[in-house]
Structures are given as C-alpha cells and as structure tokens.
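Per-entry structural report
Now for the letters of each chain:
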Amino acid sequence: MFAGGVVLSVSSFGIGLVASPIYLLFLDTQSVVVTVNAVGGILLAVILSKSRQHVSIRQMSPAVIGGVVGAPIGVFSLTLVDPGDLRIGIAGMVLILAVVSALDFQLRIPKARILAAPVGFATSILVTSMSIGGPFMVIYLLNWLKIRQAGRASICLLYTSDAADDTPCVDLGGRRII
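Every chain's residues receive numbers from 1 upward, in the order its sequence appears when written. The predicted origin of the model limits local features to residues at a pLDDT of at least 70 and limits the giving and counting of side-chain atom pairs to 80 or more, whereas totals for whole chains, interfaces and linings rest on all residues. Water and hydrogen atoms play no part in the side-chain values, which are based on all heavy atoms of the structure.

Attention now moves to the overall build of the protein chain. Helix and strand definitions follow DSSP, with helices as H or I runs of at least four residues and strands as E runs of at least two, each counted in order from the N terminus. Across its full length, the protein chain carries 8 helices and 0 strands. Secondary structure elements in the protein chain, listed N-terminal to C-terminal, are α-α-α-α-α-α-α-α. Here the protein chain holds 178 residues, and the buried ones make up 46% of them. Between buried and exposed lies partly exposed: a residue is buried under 20% and exposed over 50% of the maximum accessible area for its type, with that area taken using a 1.4 Å probe on protein chains only.

Below, the structure is given as structure tokens:
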C-alpha cells in the first residue's frame, strides 16, 4: 500500500495499479477493491485540499456528475461479479494498462469536453469495481487540460467525489450495497 500511496501522491492515480496485484495474492477480491479505494480516497482528499486552487469546478462538473452516478453501479457490480472473474479482470486491466503505458499511448480526442460525463461515468465504474481506471481519465484530461497541476487536481476531485459516493454503498466487509 505504501508504494501505491507514493504513486498516487505523485500522479493522483495508480494506487490500484500498484497495490491491487500484490493484495490479490493475500486477500479476497472484494476486500482488495474496498481497501484500495478507501485508502486512495483519504489520500486524494489530502492532495485535493492542497491543490484545490488548480481545479475548475465548472469544467470538471460534468465528469464529477457522471462519476457520482457511476460509483454506485461499480460498487453494485462487486456483489454481482464472481470474485474469480473479478480477479482475472483486475489482472487483465493491469496488464493492458502496463502495455499502454510502455507504448506511451496518446489519444487525441476532438471536442473532448463533450465526453466529460461519459468518461467520468465509465472511469468511476472501473475505479469502484476494480480499483483501476485512472489512466483512462488521465488520457482524457490530457486532451484539454494543458497545465499539469490542473490535471492532477481535477483527477483528485473526481476520485474524491467517487470515494464519498461509494463509501456509503459498502458495508465494512465490502460485500453488500446499502
């Protein structure tokens, strides 16, 4: 978790990419997702408190609204998806994103701001169900946020709102939706 926290502190995403594969060796899948998201939410709230002046609430509100709608769906999927299948999905996502990162993949999206709500929705579902999804939001934000601090703070805003939204949906064991 320490290594994941360091990656998260530097880039505002990546705790799931680093911590999930290691924790999956020792814990059940749902506990890994809940633990990583809880710790990530706390760390991101601290980062957001320090970088809030770089966030444009007006620009990020569609993504945040999409994310708030998607978070309960991601949490609900934890109860529907077989833990073995979820474990395979998380491992597959880690491998895909490792290859994408190694290839320095850059995607230019015309009229990127129009996609804010759908990207926030999809990213939130991935993050709350698998603890992985940050790179998709980063690729999206790189299309229209040119200032590094603004991108970092914007990611923190989205994930902090997701953490605040999905926390009430999960009991302490991470197995039930309330």
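Axis definition: a line fitted to C-alpha atoms, limited for helices to the stretch in contact. Angles are taken between N-to-C directions and run from 0 to 180 degrees. For the pair helix α5 (residues 83-102) and helix α6 (residues 116-130), interaxial distance at closest approach is 11 Å and the crossing angle is 120 degrees. One way to sum up the angle between α5 and α6 is to call them oblique. The handedness of the crossing between α5 and α6 is left-handed. Note on element contacts: α6 touches α5 through Leu126, Ser129 and Met130, opposite Leu86, Gly89, Ile90 and Met93. All residues other than Ala, Val, Leu, Ile, Met, Phe, Trp, Tyr, Cys, Pro, Asp, Glu, Lys and Arg, Gly among them, are scored as polar; the first ten of these are nonpolar and the last four charged. Residue composition of the contact of α5 with α6, grouped by class: 5 nonpolar, 2 polar and no charged. For classification purposes, an angle smaller than 35 degrees is called roughly parallel, one larger than 145 roughly antiparallel, one from 65 to 115 roughly perpendicular, and anything else oblique. Left-handed describes a crossing whose near helix is turned anticlockwise from the far helix through less than a right angle; right-handed describes the clockwise counterpart. Any two residues whose heavy atoms approach within 4.5 Å are treated as being in contact.

Moving on to the nonpolar core. In a soluble, globular protein the nonpolar side chains are often hidden away together inside. Counting residues in each nonpolar core, the largest one holds 20 residues, and the members touching the most others are Met60, Met137, Tyr140, Leu141, Ile155, Leu157 and Tyr159. The set of elements that each furnish at least two residues to this core consists of α3 (29-51), α4 (57-80), α6, α7 (134-141) and α8 (148-166). By residue number, the principal contributor to this core is α8, which donates 6 residues. Ranked by size, the runner-up nonpolar core spans 14 residues in total, among them Ala19, Val32, Val33 and Leu86. To qualify as a nonpolar core, a set must consist of buried Ala, Val, Leu, Ile, Met, Phe, Trp, Tyr and Cys residues joined through side-chain atoms within 4.5 Å.

Moving on to helix α2 (residues 15-23). Within the span of α2, buried status applies to Ile15, Gly16, Ala19 and Ser20. Angular distribution of buried residues about the axis of α2 spans 105 degrees; they occupy a single face of the element. An arc is given here, and it is the one of the directions from the helix axis to the C-beta atoms.

Even without a glycine there, the phi angle at serine 131 is positive, about 70 degrees. Position of serine 131 among the secondary structure elements: in the loop between α6 and α7. Among the residues examined, serine 131 registers a relative accessible area of 8% and is labelled buried.

Following the sequence through the fold, leucine 78 ends up in helix α4. We classify leucine 78 as buried; its relative accessible area is 2%. When the C-alpha atoms of leucine 78 and threonine 29 are compared, they prove to be 8.9 Å apart, with 49 residues separating the residues in sequence.

On to the side chain of threonine 128, then. In this fold, threonine 128 is placed in helix α6. A polar contact of 3.3 Å, which involves the side chain of threonine 128, links it to the backbone oxygen of alanine 71. For this analysis, a polar contact is any N or O atom pair within 3.5 Å, provided that within protein one partner can donate a hydrogen and the other can accept it, and provided that sequence-adjacent residues contribute only side-chain to side-chain pairs. Within the structure, threonine 128 has its side chain in polar contact with the backbone oxygen of serine 124 (distance 2.7 Å).

What is shown is where atoms sit, not what they do.
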